[in-house]
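Structural features, examined
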4 protein chains.
Amino acid sequence: MMHSTEISIPDSPVTTTLDIRFAETDQMGVVHHSSYVIWFEVGRVAWMKAALMPYAEVADSGYNFAVTAIHASYRASCRFGDTVQIVTRLTKLRSRQIEFSYEVRHNTDQRVLATGSSEHICVDSAGKMTKIPQTIYDRLCAGAEQLAAIGRGVAKS
Amino acid sequence: MMHSTEISIPDSPVTTTLDIRFAETDQMGVVHHSSYVIWFEVGRVAWMKAALMPYAEVADSGYNFAVTAIHASYRASCRFGDTVQIVTRLTKLRSRQIEFSYEVRHNTDQRVLATGSSEHICVDSAGKMTKIPQTIYDRLCAGAEQLAAIGRGVAKS
Amino acid sequence: MMHSTEISIPDSPVTTTLDIRFAETDQMGVVHHSSYVIWFEVGRVAWMKAALMPYAEVADSGYNFAVTAIHASYRASCRFGDTVQIVTRLTKLRSRQIEFSYEVRHNTDQRVLATGSSEHICVDSAGKMTKIPQTIYDRLCAGAEQLAAIGRGVAKS
Amino acid sequence: MMHSTEISIPDSPVTTTLDIRFAETDQMGVVHHSSYVIWFEVGRVAWMKAALMPYAEVADSGYNFAVTAIHASYRASCRFGDTVQIVTRLTKLRSRQIEFSYEVRHNTDQRVLATGSSEHICVDSAGKMTKIPQTIYDRLCAGAEQLAAIGRGVAKS
């Protein structure tokens with residue numbers, strides 16, 4: 001019974017760099033906490049693109065990775081004029097579940113501003129929970145392997 | 001040739017009251033200008049609901065009023081803690097075009113904070129421009145008449 | 001040593017009703033998960049207003065309840081045209097920490113669409129962590145008591 | 001009396017490339033019209049950075065370019081998965097007024113998806129209208145000249 005076994009995912013961080021938008025600030029003079037949740041999404045979209053399984057292709061094929069949970073911890077604020085890095089990792093991949101983790105770092109000194117994670121299920125075009133289609137699952141696995149290999153300096157061109 | 005004639009629309013303002021959300025502010029300490037564009041949308045959705053042609057029904061029937069233009073003029077700022085009124089009017093209704101106008105007023109003294117307008121075309125579920133379906137068009141006309149009658153104090157229950 | 005003792009907070013739910021904004025949807029046809037984070041904020045602002053310690057007053061006095069963590073679990077989606085209730089509770093109040101919990105319910109049948117919580121620290125106008133000013137702390141306590149009394153049907157006018 | 005004369009601004013377009021965010025879509029399956037207003041802001045922030053008068057410096061010095069008007073015309077929609085270019089120009093610079101214009105183009109074929117403009121006044125830290133400080137004004141002029149020279153291929157390093 002292999003299908004319920006959780007696979008071991010190689011560490012495969014993908015870093016996205018974002019200039020903070022003025023509209024993302026609030027009257028406290030810092031970035032509003034809800035903006036980080038959108039940055040997490042930008043991060044996982046970038047991860048999937050780097051893993052050669054772009055989310056737009058998942059959506060175009062009639063599936064979506066619906067968000068079932070979001071966790072965010074905020075350690076330090078950031079401001080308009082700052083540039084941040086979103087470091088995204090695929091941390092769980094099961095037949096029906098996906099989890100990503102995130103670190104938001106300040107671009108200048110790499111100090112961690114926030115961490116977080118998101119949990120997802122796969123839904124079909126009717127919004128009904130379903131297994132992740134095998135092709136998508138396999139491409140995510142292969143992408144994580146390839147990204148990890150690049151990280152270890154043994155990427156094949 | 002009646003179909004290209006612009007009908008005369010009775011003045012039919014609908015007022016929506018909104019408490020400003022903290023997330024709508026920016027680091028200037030006031031509401032970000034893009035929030036007003038979303039308030040305009042809240043206003044026209046409220047207008048259509050009051051006119052008994054809810055936008056959700058338009059969308060559910062496979063049509064959308066795609067935005068082709070937005071104009072906004074900002075006179076005074078508003079802040080978290082303030083309550084605003086969005087006064088919305090249907091200002092143009094043709095076989096293929098719709099226009100709404102908006103006034104954003106401070107709830108306390110009714111002074112105008114911003115004015116604006118939005119122009120729309122009707123698109124079908126494929127995103128293709130089309131005539132406004134006759135039923136929707138007729139219900140919008142009837143709704144405007146009824147709202148104007150209410151405004152004149154002659155509404156029928 | 002009383003100051004580190006966590007006070008027992010009476011159950012004091014405050015319900016806020018929101019019409020879903022079209023802008024809050026995404027291409028999946030449902031409300032985007034980040035919108036709930038903003039609804040949580042709307043909920044706690046409403047709670048504080050109901051507790052007679054409006055957040056705008058906290059901010060005007062030079063303090064903010066900075067968000068240190070957000071947790072959200074999504075059970076079912078909701079759509080434009082739906083109305084939701086945000087049920088907010090103050091769940092923790094310490095000298096330096098505040099926690100709120102949230103339930104998002106569908107207005108029609110009260111089924112729970114999402115749950116969540118937010119953790120906060122108090123910061124001064126320089127963004128530095130500080131104790132919650134005693135007046136604010138006391139008004140939050142009194143507000144929770146009064147709201148609980150209202151819930152038990154023994155509210156004084 | 002030179003100060004009321006409108007200076008002639010050399011054509012100095014700055015192009016910003018953006019991957020569309022999933023959160024920027026709506027239930028029509030395309031980018032929500034309010035997102036373009038935020039992209040305009042991203043464009044003018046990028047223009048000012050390229051002109052060596054970063055907006056963050058303006059804000060840090062206690063001034064803001066408050067938005068007094070926004071105009072946007074939408075010609076074609078764009079989708080998640082698309083990349084867009086925001087081409088921003090400074091089109092007016094007076095002692096008390098600034099205007100930018102924008103073109104949103106599809107990255108693949110450069111077709112224009114939307115055009116727009118924003119009008120601004122200068123406000124001080126109290127939110128009061130004021131003249132643009134001379135240093136900021138001069139740096140904007142110099143920046144526009146330099147950007148135009150770069151565009152003509154005669155930029156000095």
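The structure under discussion appears in the preceding block.
None of the values given here were measured: they were computed from a predicted structure.

Examining the relation of the copies chain C and chain D
Superposition record for chain C on chain D: RMSD 0.0 Å, screw rotation 180°, translation along axis 0.0 Å. Read as a symmetry element, the transformation amounts to a two-fold axis. For chain C, the smallest separation between a C-alpha atom and the rotation axis is recorded for Asp26(C), amounting to 1.9 Å.

Focus on the packing of helix α1 (residues 33-50) of chain B against helix α3 (residues 134-151) of chain B
All names here are of chain B. The geometry of α1 relative to α3 is characterised by a closest axis approach of 9 Å and an angle of 85° between their N-to-C directions. As the angle between them shows, α1 and α3 are arranged roughly perpendicular. Every residue of α3 that contacts α1 at Trp 47, Met 48 and Ala 50 is listed here: Leu 140, Ala 144 and Leu 147. Split into classes, the residues belonging to the contact of α1 with α3 amount to six nonpolar, no polar and no charged.

Examining the nonpolar core
Counting residues in each nonpolar core, the largest one holds 87 residues, and the members touching the most others are Trp39(A), Trp47(A), Trp39(C) and Trp47(C). Look past the residues within four positions of Trp47(A) in its chain and what remains in contact with it is Ser12(A), Val14(A), Thr88(A), Arg89(A), Leu90(A), Phe100(A), Leu140(A), Ala144(A) and Leu147(A). If you look at the next biggest cluster of nonpolar residues, it comprises 86 residues, including Phe65(B), Phe40(D), Val84(D) and Ala114(D).

What to know about the pattern of salt bridges
For the coordinates displayed, the defined rule picks out 32 salt bridges over all chains. One salt bridge connects Arg21(C) with Glu24(B), and the closest N-O pair in it is separated by 2.9 Å. Here Glu24(B) lies in the loop between β1 (14-19) and α1 and Arg21(C) lies in the loop between β1 (14-19) and α1 (33-50), a pairing that spans two chains. Relative accessible area serves as the criterion here: at 8%, Glu24(B) is assigned to the buried category. Notably, a salt bridge pairs Arg111(D) with Asp109(D), separated by 2.7 Å at the nearest N-O pair.

Quick look at the interface of chain C and chain D
Taken residue by residue, the interface counts nine residues in chain C and nine residues in chain D. Of the roughly 830 Å² buried at the junction of chain C and chain D (both faces included), carbon and sulfur atoms supply 62%. Of all residues in chain C, Phe22(C), Gln27(C) and His32(C) give up the largest surface area on contact with chain D, accounting jointly for 59% of the area buried on that side. Taken together, chain C and chain D are joined by zero salt bridges.

Brief notes about the pairing of strand β2 (residues 64-74) of chain C
For β2(C), the tally of buried residues reaches eight of eleven residues, placing the bulk of the element in the interior. Judged from the five bridges that link them, strand β2 (residues 64-74) of chain A and β2(C) form a sheet pairing that is antiparallel. Across the sheet, the residue bridging to Ala72(A) is Ile70(C), located in β2(C).

Examining the relation of the copies chain A and chain C
Laying chain A over chain C is done by rotating through 180° and shifting 0.0 Å along the axis; what remains is an RMSD of 0.0 Å. The overlap is high: 100% of the interface residues of chain A also sit at the interface in chain C, so the same surface is used on both sides.

A look at α1(C)
Residue and element names in this part refer to chain C. For α1, spanning 18 residues, the distance from its first C-alpha to its last is 26 Å, which sits close to the expected 26 Å at 1.5 Å a residue. The element α1 is largely enclosed, with a buried count of 14 among its 18 residues. Leu 52, located one to two residues past α1, shows a positive phi value of around 65°.

Looking at empty space enclosed by the protein
Counted by the stated rule, this structure contains one cavity of 30 Å³ or more. In this structure, the largest cavity encloses a volume near 860 Å³. Breaking the lining of the largest cavity down by element, the ones donating at least two residues are α1 (33-50) of chain A, α1 of chain B, α1 of chain C together with α1 (33-50) of chain D. Sort the elements by how many residues they give to the lining of the largest cavity and α1(C) lands first, with four residues. Residues of the lining of the largest cavity, tallied by class, amount to nine nonpolar, 16 polar and eight charged.

Re the environment of Thr15(C)
All names here are of chain C. Following the sequence through the fold, Thr 15 ends up in strand β1. Taking the relative accessible area as the measure of exposure, Thr 15 reaches 46% and is therefore partly exposed. Along the sequence, Thr 15 and Ser 77 sit 62 residues apart, while their C-alpha atoms lie 19 Å from each other. In this view, Thr 15 contacts Gln 85, Ile 86 and Val 87; residues no more than four positions away in its chain are not counted.

Observations concerning the packing of aromatic side chains
Aromatic ring pairs are defined here through the distance separating the ring centres and the angle between the ring planes. Scanning the entire structure with this criterion turns up 32 aromatic pairs over all chains. Aromatic pair Tyr36(C) and Tyr74(C): ring centres 5.0 Å apart, planes at 90°, arrangement edge-to-face. With a gap of 38 residues between them, Tyr36(C) in helix α1 and Tyr74(C) in strand β2 connect regions that are remote in the sequence. For the residue pair Tyr36(C) and Tyr74(C), the accessibility class agrees, reading buried in each case. Aromatic rings pair up to connect Phe22(A), Phe80(A), Tyr55(D) and Phe65(D) into one cluster.

Looking at the layout of surface pockets
In this structure, the largest pocket encloses a volume near 1,100 Å³. Lining the largest pocket are 47 residues, with Asn64(B), Asp26(D), Met28(D), Gly29(D) and Val30(D) positioned closest to its centre. Mapped onto the lining of the largest pocket, the elements with two or more residues apiece are α2 (55-60) of chain A, α1, α2 (55-60), β2 (64-74) and β5 (112-123) of chain B together with α1 of chain D. In terms of residues, the lining of the largest pocket owes the most to one element, β2(B), which gives five residues. Each residue belonging to the lining of the largest pocket can be placed in one class, and the counts come to 24 nonpolar, 14 polar and nine charged.

Brief notes about the side chain of Asn64(A)
For Asn64(A), the location among the structural elements is in strand β2. A polar side-chain atom of Asn64(A) sits 2.6 Å from a polar atom in the side chain of Tyr55(A).

Here is what the cut-offs are and how they apply
Residues numbered from 1 in each chain as written. Chains lettered and ligands numbered in written order. Predicted model: local features only at pLDDT ≥ 70, side-chain atom pairs only at ≥ 80, totals over all residues. Heavy atoms only, no water. Least-squares fit on C-alpha atoms with pLDDT ≥ 70 in both. Axes fitted to C-alpha atoms, helices over the stretch in contact; angles between N-to-C directions. Helix = DSSP H or I, 4+ residues; strand = E, 2+ residues; numbered from the N terminus. Parallel < 35°, antiparallel > 145°, perpendicular 65-115°, else oblique. Contact = heavy atoms within 4.5 Å. Nonpolar A, V, L, I, M, F, W, Y, C, P; charged D, E, K, R; others polar. Core = buried A, V, L, I, M, F, W, Y, C linked by side-chain atoms within 4.5 Å. Buried < 20%, exposed > 50% of the residue type's maximum accessible area, 1.4 Å probe, protein only. Salt bridge = Lys/Arg side-chain N within 4 Å of Asp/Glu carboxyl O. Buried area = accessible area lost by both parts, 1.4 Å probe. Pairing = 2+ DSSP bridges. Expected span 1.5 Å × (residues − 1). 1 Å grid on protein atoms, 1.4 Å probe; cavity = no way out; pocket = protein on both sides within 12 Å on 5 of 7 lines; lining within 4 Å. Points joined across faces, edges and corners; volume = space filled by probe spheres on them. Phe/Tyr/Trp six-rings, centres within 6.5 Å; stacked < 30°, edge-to-face > 60°. Polar contact = N/O pair within 3.5 Å; in protein donor to acceptor, adjacent residues only side chain to side chain.

Without other data, these values stay purely geometric and don't point to any function.
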